[in-house]
Amino acid sequence: MFTEAQLYSPVTKSADGDVTVHLSDEHPGVHDPDYRARRNAIAAQALTYRPGQPVPRIDYTGEEQEVWRIVSAELARKRERYACAEVIEAARRLELPSDHIPQLDEVSSRLAPLTGFRYVPAAGLVPLREFFGSFEDRIFHSTQYIRHHSAPLYTPEPDAVHEILGHANQLASPRFAALYATAGAAVARLTTEPALKFLADVFWFSMEFGVLREKGEIRCYGAGLLSSYGEIEEFREAELRPLSIREMGTRAYDITHYQPVLYCAKSIDEIEDVVGGFFATVDDDTVTKLAAAEVAGAQPA
Ligand SMILES: [Fe+2]
């Protein structure tokens, strides 16, 4: 079963204040001492952030800016071909820069007038309750580091490309932003960890990896697909299933591979009805019942 901690590189702080990002052995930057030092410095800056203060600025290097320019141009082309009209429209209104990595304050100043969402820094994993709960206040916790320059079109963890080109382009749509806010408001009603995890998994199969039918084609709206150079093209190969909250909340998934099963909505209206309706009403009890029904349904008669 997926745990968020597998996705983010763990960040630790020693007794004398040294911040270390622990990259996995497979990470493209793991053998590059300069990249590792850079990651530690960016995480250390994010850890100094306190709400209400200005977001620490990252002085991105020329190499990092070049990674952004490459990925930004590639994803813009693919977005036109594979994203749903709502996201394409939202990205046009947001007009993120393609020539430099925007500081989080720049993202907020473009996004807030459209949907009220603001970006705050995250060194790495943010606990689920805080990450999802802050959506109610239209706050998005975002990492600031960027993938290693040796593999500009690949990242094993959510970097600025995912957070900004994936989530911000989606959050520039008032309809999708409202879904985030509704999910955020649900967090206060969920007191158990399994219930919170269920909500996170429904979110994963909708706002991260959701697709929908549009004019006879399958188009994506999930931030994970929108920010993935490879998967944005491959998702049409996935097994597509109709929206099912019960399945989405209980399905095991492997974040290290392309998703073999995706949930396909008939329209944004249907996402709002089914996924939005779930976010608006879910509580601990709902989750217990849905999880029990899934177990019962999976057992042989
Ligand atoms: Fe994400």
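Structural data are supplied above this passage.
Scoring rules and cut-offs
- Residues numbered from 1 in each chain as written.
- Predicted model: local features only at pLDDT ≥ 70, side-chain atom pairs only at ≥ 80, totals over all residues.
- Heavy atoms only, no water.
- Helix = DSSP H or I, 4+ residues; strand = E, 2+ residues; numbered from the N terminus.
- Buried < 20%, exposed > 50% of the residue type's maximum accessible area, 1.4 Å probe, protein only.
- Contact = heavy atoms within 4.5 Å.
- Polar contact = N/O pair within 3.5 Å; in protein donor to acceptor, adjacent residues only side chain to side chain.
- 1 Å grid on protein atoms, 1.4 Å probe; cavity = no way out; pocket = protein on both sides within 12 Å on 5 of 7 lines; lining within 4 Å.
- Points joined across faces, edges and corners; volume = space filled by probe spheres on them.
- Nonpolar A, V, L, I, M, F, W, Y, C, P; charged D, E, K, R; others polar.
- Axes fitted to C-alpha atoms, helices over the stretch in contact; angles between N-to-C directions.
- Left-handed = near helix turned anticlockwise from the far one by under 90°.
- Phe/Tyr/Trp six-rings, centres within 6.5 Å; stacked < 30°, edge-to-face > 60°.

**So, the environment of Tyr82**
Move 1: Relative to the assigned elements, Tyr82 resides in helix α3 (residues 62–82).
Move 2: Judged by relative accessible area, Tyr82 falls into the buried class, the value being 9%.
Move 3: Remark: the alpha-carbon pair of Tyr82 and Pro156, spanning 74 residues in sequence, is separated by 22 Å.
Move 4: Setting aside its immediate chain neighbours within four residues, Tyr82 contacts Arg219, Cys220, Ile232, Glu233, Phe235 and Arg236.
Move 5: In this structure the side chain of Tyr82 is engaged in a polar contact, spanning 3.5 Å, whose partner is the side chain of Arg81.

**Description of empty space enclosed by the protein**
Move 1: Counted under the stated rule, the structure contains 1 cavity of 30 Å³ or more.
Move 2: Taken as a whole, the largest cavity holds about 40 Å³ of empty space.
Move 3: Lining the largest cavity are Tyr8, Ser9, Val11, Val21, Arg39, Ala43, Ala123, Gly124 and Tyr145.
Move 4: The residue inventory of the lining of the largest cavity, partitioned by class, reads 6 nonpolar, 2 polar and 1 charged.

**So, the layout of surface pockets**
Move 1: Volume-wise, the largest pocket comes out at about 920 Å³.
Move 2: Lining the largest pocket are 43 residues, with Leu7, Thr155, Pro156, Glu157 and Ile255 sitting closest to its centre.
Move 3: Secondary-structure elements contributing two or more residues to the lining of the largest pocket are α1 (4–7), α6 (128–133), α7 (160–171) and α9 (193–208).
Move 4: The biggest single contributor to the lining of the largest pocket is α9, with 5 residues.

**Describing the packing of α3 against α7**
Two quantities define a packed helix pair, namely the angle between the helix axes and the distance between the axes.
Move 1: Put simply, α3 and α7 touch, their axes get as near as 11 Å, and they point 30° apart. Judged by the sense of rotation from one axis to the other, the crossing of α3 with α7 is right-handed. Where α3 approaches α7, its residues Trp68, Val71, Ser72, Leu75 and Arg79 are matched on the opposing element by Ala160, Val161, Ile164, Leu165 and Asn169.
Move 2: Residues of the contact of α3 with α7, tallied by class, amount to 7 nonpolar, 2 polar and 1 charged.

**Quick notes on the packing of aromatic side chains**
Move 1: Within this structure, the stated rule accounts for 21 aromatic pairs.
Move 2: Aromatic side chains Phe117 and Phe135 sit 6.4 Å apart centroid to centroid with 65° between the ring planes, which places their arrangement in the edge-to-face category. Taken together, the residues Phe117 in the loop between α5 (104–115) and β3 (118–121) and Phe135 in the loop between α6 and β4 (139–142) connect sequence positions 18 residues apart. For the pair Phe117 and Phe135, a shared accessibility class is recorded, and that class is buried.
Move 3: On the numbers, 5.3 Å between centres and 5° between planes, the contact of Phe176 with Tyr221 is stacked.

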